[in-house]
Amino acid sequence: MELVGPESLWLWIGTIGMTLGTLYFIGRGRGVRDPKMQEFYIITIFVTAIAAVMYFAMATGFGVTEVVVGDEALTIYWARYADWAFTTPLLLLDLALLAGANRNTIATLIGLDVFMIGTGTIATFAATPGTRIAWWGISTGALLVLLYVLVGTLSEKARTQSPEVASLFTTLRNLLIVLWLLYPVVWILGTEGTFGILPLYWETAAFMVLDLSAKVGFGVLLLRSRSVLERAVTPT
Ligand code: RET
């Protein structure tokens, strides 16, 4: 049975956007010799490359399945969660390296993130509306704690960096906070939330715009200035 509907338009735009982003970051990263600076390029290239193949998987009908909730069958793009499980920790790693965070802070952030995506995945596959909302609440709680660490410990650390690095950190952190908070909103309003407010077509468009902004937009801002990255990796 064919599961992918007219929303495939957005999935193809996502595939192309992530592919172009990947190629752009590879192009920019060529010629970077400093191993510490290369880390940012390697991480960001993996983020968009993973998203490109997961979008391709969704657009071609591999990354999609059905979940029965009550007497309703929901179309679930499971490949999103496979994507996010790998790419959200990598995005946080980018930001943590920019801030100069220590291992404990990095582990805390990534731990909370894996917890968030893990419980969010359970929410997506849960069989009753009530349990879906409950798991969504647990996952959103983890997101809020994660953002709290970002605004607290991580921002404090970033303030000890040079002014240029600290300012780039603040820009990326604020972008991340706004975009990441919209994911649970789209999920609960969309088909997964079972309230039937946002149809699958528009939900898919919304996630595509969020994903491109949170990955390609974030990466462009991060890798735009080589001189700022140089400062970030130079011990002061
Ligand atoms: C889910 C549903 C359950 C509640 C919460 C969620 C959060 C998802 C987030 C995803 C971020 C994805 C990014 C992708 C990059 O392209 C799983 C939707 C809190 C925050 C940044």
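Please refer to the structure higher up on the page.
(A) Fine view of the site of the ligand. In the vicinity of the ligand there are 15 residues, among which Ser139, Trp180, Tyr183, Asp211 and Lys215 approach most closely. Asp211 places a side-chain nitrogen or oxygen 3.2 Å from an oxygen atom of the ligand. Interatomic distance of 2.4 Å between a side-chain N/O atom of Lys215 and an oxygen atom of the ligand. When isolated, the ligand has an accessible area of 540 Å², and the protein chains bury 100% of it. When residues of the shell around the ligand are traced back to their parent elements, those giving at least two are helix 3 (79-99), helix 4 (103-125), helix 5 (129-158), helix 6 (163-189) and helix 7 (200-223). Each residue belonging to the shell around the ligand can be placed in one class, and the counts come to nine nonpolar, four polar and two charged.

(B) Structural context of helix 4. For helix 4, spanning 23 residues, the distance from its first C-alpha to its last is 33 Å, which sits close to the expected 33 Å at 1.5 Å a residue. Within helix 4 the residues assigned to the buried category are Thr105, Ile106, Leu109, Leu112, Asp113, Met116, Ile117, Thr119, Gly120, Ala123 and Thr124. The opening residue of helix 4, the one whose side-chain oxygen lies 3.3 Å from the backbone nitrogen of Asn104, is Asn102.

(C) Focus on the packing of aromatic side chains. In total, this model carries ten aromatic pairs according to the counting rule given. Aromatic side chains Trp12 and Phe56 sit 5.9 Å apart centroid to centroid with 70 degrees between the ring planes, which places their arrangement in the edge-to-face category. In this pair, Trp12 sits in helix 1 (residues 8-29) while Phe56 sits in helix 2 (residues 35-59), placing the two residues 44 residues apart along the sequence. Taking the relative accessible area as the measure of exposure, Phe56 reaches 43% and is therefore partly exposed. With centroids separated by 5.4 Å and ring planes inclined at 65 degrees, the aromatic side chains of Trp84 and Phe207 adopt a geometry described as edge-to-face. Of this pair, Trp84 sits in helix 3 while Phe207 sits in helix 7, and the two are 123 residues apart along the sequence. Taken as a pair, Trp84 and Phe207 share a single burial class, namely buried.

(D) Molecular detail of the side chain of Thr140. Within the secondary structure layout, Thr140 lies in helix 5. At a separation of 2.8 Å, a polar atom in the side chain of Thr140 contacts the main-chain carbonyl oxygen of Trp136.

(E) Summary view of the packing of helix 2 against helix 8 (residues 226-233). At a closest axis distance of 9 Å, the pairing of helix 2 and helix 8 adopts a crossing angle of 120 degrees. Taken together, helix 2 and helix 8 sit at an angle that is classed as oblique. Note on packing geometry: the crossing formed by helix 2 with helix 8 is right-handed. Touching Lys36, Met37, Phe40 and Tyr41 of helix 2 are Arg226, Leu229, Glu230 and Val233, all from helix 8. In terms of residue class, the contact of helix 2 with helix 8 is built from five nonpolar, no polar and three charged.

(F) Structural context of the nonpolar core. Residues Leu98, Leu150, Leu154 and Trp180 are the most contacted members of the largest nonpolar core, which totals 69 residues. Mapped by element, the contributors of at least two residues to this core are helix 1, helix 2, helix 3, helix 4, helix 5, helix 6, helix 7 and helix 8. Of the residues forming this core, the biggest block, twelve residues, is contributed by helix 6. Once residues within four sequence positions are removed from consideration, Leu150 is found in contact with Leu92, Leu95, Leu109, Ser155, Phe169, Arg173, Leu176 and Ile177.

(G) Broad picture of a nonpolar patch on the surface. Taken together, the side chains of Val178, Leu182, Val185, Leu189, Phe195 and Ile197 define a hydrophobic patch exposed on the protein surface, amounting to about 530 Å² of accessible area. In this structure Ile197 comes out as exposed when scored by relative accessible area, which is 54%.

(H) Local environment of the pairing of strand 1 (residues 65-69). As paired strands, strand 1 and strand 2 (residues 72-76) are joined by five bridges and run antiparallel to one another. Bridge assignment links Val68 to a residue of strand 2, and that residue is Ala73. Hairpin remark: strand 1 followed by strand 2, antiparallel, with two residues in the connecting loop; positive phi at Gly70, about 60 degrees.

(I) The packing of helix 5 against helix 6, seen in detail. Orientation of helix 5 relative to helix 6, taken along the N-to-C sense of each, is 175 degrees, at an axis distance of 11 Å. Compared by their axis directions, helix 5 and helix 6 come out roughly antiparallel. Residues of the contact of helix 5 with helix 6, tallied by class, amount to 19 nonpolar, two polar and two charged.

The rules behind these values
Residues numbered from 1 in each chain as written. Predicted model: local features only at pLDDT ≥ 70, side-chain atom pairs only at ≥ 80, totals over all residues. Heavy atoms only, no water. Near = heavy atom within 4 Å. Polar contact = N/O pair within 3.5 Å; in protein donor to acceptor, adjacent residues only side chain to side chain. Areas by Shrake-Rupley, 256 points an atom, 1.4 Å probe, with all protein chains shown as cover. Helix = DSSP H or I, 4+ residues; strand = E, 2+ residues; numbered from the N terminus. Nonpolar A, V, L, I, M, F, W, Y, C, P; charged D, E, K, R; others polar. Expected span 1.5 Å × (residues − 1). Buried < 20%, exposed > 50% of the residue type's maximum accessible area, 1.4 Å probe, protein only. Phe/Tyr/Trp six-rings, centres within 6.5 Å; stacked < 30°, edge-to-face > 60°. Axes fitted to C-alpha atoms, helices over the stretch in contact; angles between N-to-C directions. Parallel < 35°, antiparallel > 145°, perpendicular 65-115°, else oblique. Left-handed = near helix turned anticlockwise from the far one by under 90°. Contact = heavy atoms within 4.5 Å. Core = buried A, V, L, I, M, F, W, Y, C linked by side-chain atoms within 4.5 Å. Patch = residues over 30% accessible without salt bridge, like charges linked within 9 Å, V, L, I, M, F, W, Y side chains within 5 Å. Salt bridge = Lys/Arg side-chain N within 4 Å of Asp/Glu carboxyl O. Pairing = 2+ DSSP bridges.

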